[in-house]
Amino acid sequence: MTIFQKFSLLFLLIWVPSIIIGCDITASLTSQTFHEIYAQFTFHNNTKSPIYHFDTDGQTQLVHITGMFCNMKPTKLDVYRTSPTADTKPSGTSQAFIEGFGYVNYMLLSDGVFMGMKAGIACAAGDCGASKG
Ligand SMILES: *[C@@H]1O[C@H](CO)[C@@H](O)[C@H](O)[C@H]1NC(C)=O
């Protein structure tokens, strides 16, 4: 192989997965209440995450979001005061179109959920937190 071919191959090895993967987001959910709360994602692909249970202030749960076109549909995070069943109304919701390769933090309260710090994430048309980027 010529040096050019080697570089081309390296370029492909680095870039093809990122094109195929599309987005790769690590979301951290942090409870900011001593109340017992439950949280559940509805992902861009319409599937739901497991129900995450929090009973301690500061408790954190990491959720990995990947997909090809993460911003075709919004990513929604609902928070509940009781263990949710099919017809439980969320006590708070955060919803936005997000994509990219990075990190986002959600702060959970018993009556609301807010996007906090984020890095490497493009966020549009929704709750995108106070900071830009
Ligand atoms: C939907 O997206 C979530 C988050 O990236 C992933 O965990 C899940 O496996 C996906 N489900 C399908 C059916 O693609």
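This structure is a prediction, so every number in the text was calculated from the model and none was measured.

Draft legend 1. Examining the site of the ligand more closely. All residues adjacent to the ligand are Phe43, Asn45, Thr47, Ile65 and Thr66. For the ligand, an oxygen atom lies 2.4 Å from a polar atom in the side chain of Asn45. Note that an oxygen atom of the ligand is positioned 2.8 Å from one of the backbone N or O atoms of Thr66. Notes on the ligand: free accessible area 360 Å², of which the protein chains cover 51%. In terms of residue class, the shell around the ligand is built from two nonpolar, three polar and no charged.

Draft legend 2. Spotlight on the packing of aromatic side chains. Under the definition given, this model contains two aromatic pairs. Between Phe41 and Phe43 the ring centres are 5.5 Å apart and the planes differ by 15 degrees, which places this aromatic pair in the stacked class. By relative accessible area, which is 0% here, Phe41 ends up buried. Its relative accessible area of 13% is what places Phe43 among the buried residues. What links up through ring pairs into an aromatic cluster is the set Phe41, Phe43 and Tyr106.

Draft legend 3. Representation of the nonpolar core in the model. The biggest cluster of nonpolar side chains holds 24 residues, and the ones touching the most others in it are Leu29, Phe41, Val63, Leu77, Tyr106 and Leu108. At the level of elements, strand E1 (23–31), strand E2 (37–42), strand E3 (52–54), strand E4 (60–67), strand E5 (75–80), strand E6 (92–109) and strand E7 (112–124) are the ones that each hand at least two residues to this core. By residue number, the principal contributor to this core is E6, which donates five residues. Setting aside anything within four residues of it in sequence, one finds Leu29 in contact with Ala39, Phe41, Tyr52, Phe54, Gln59, Thr60, Gln61, Val63, Leu77, Tyr106 and Leu108.

Draft legend 4. Molecular detail of the pairing of E7. Examined bridge by bridge, E6 and E7 share ten bridges and lie antiparallel to one another. Bridge assignment links Val104 to a residue of E7, and that residue is Lys118.

Draft legend 5. Just the state of the cysteines, in detail. As enumerated under the stated definition, the model contains two disulfides in all. Between Cys23 and Cys70 runs a disulfide, and the two sulfur atoms are separated by 1.7 Å. What sets the handedness of the Cys23 and Cys70 disulfide is the S-S torsion sign, and at about -45 degrees it is left-handed. Taken together, the residues span a long stretch of sequence, with Cys23 in strand E1 and Cys70 in the loop between E4 and E5 at a distance of 47 residues.

Draft legend 6. Looking closely at the confidence of the model for the chain. Mean pLDDT for the chain: 88, with 91% of residues reaching 70 or above. No element of the chain has a lower mean pLDDT than helix H1 (residues 3–21), which averages 71, and none a higher one than E3, which averages 97.

Thresholds, definitions, all that
- Residues numbered from 1 in each chain as written.
- Predicted model: local features only at pLDDT ≥ 70, side-chain atom pairs only at ≥ 80, totals over all residues.
- Heavy atoms only, no water.
- Near = heavy atom within 4 Å.
- Polar contact = N/O pair within 3.5 Å; in protein donor to acceptor, adjacent residues only side chain to side chain.
- Areas by Shrake-Rupley, 256 points an atom, 1.4 Å probe, with all protein chains shown as cover.
- Nonpolar A, V, L, I, M, F, W, Y, C, P; charged D, E, K, R; others polar.
- Phe/Tyr/Trp six-rings, centres within 6.5 Å; stacked < 30°, edge-to-face > 60°.
- Buried < 20%, exposed > 50% of the residue type's maximum accessible area, 1.4 Å probe, protein only.
- Core = buried A, V, L, I, M, F, W, Y, C linked by side-chain atoms within 4.5 Å.
- Helix = DSSP H or I, 4+ residues; strand = E, 2+ residues; numbered from the N terminus.
- Contact = heavy atoms within 4.5 Å.
- Pairing = 2+ DSSP bridges.
- Disulfide = S-S within 2.5 Å.
- pLDDT = per-residue confidence, 0-100.

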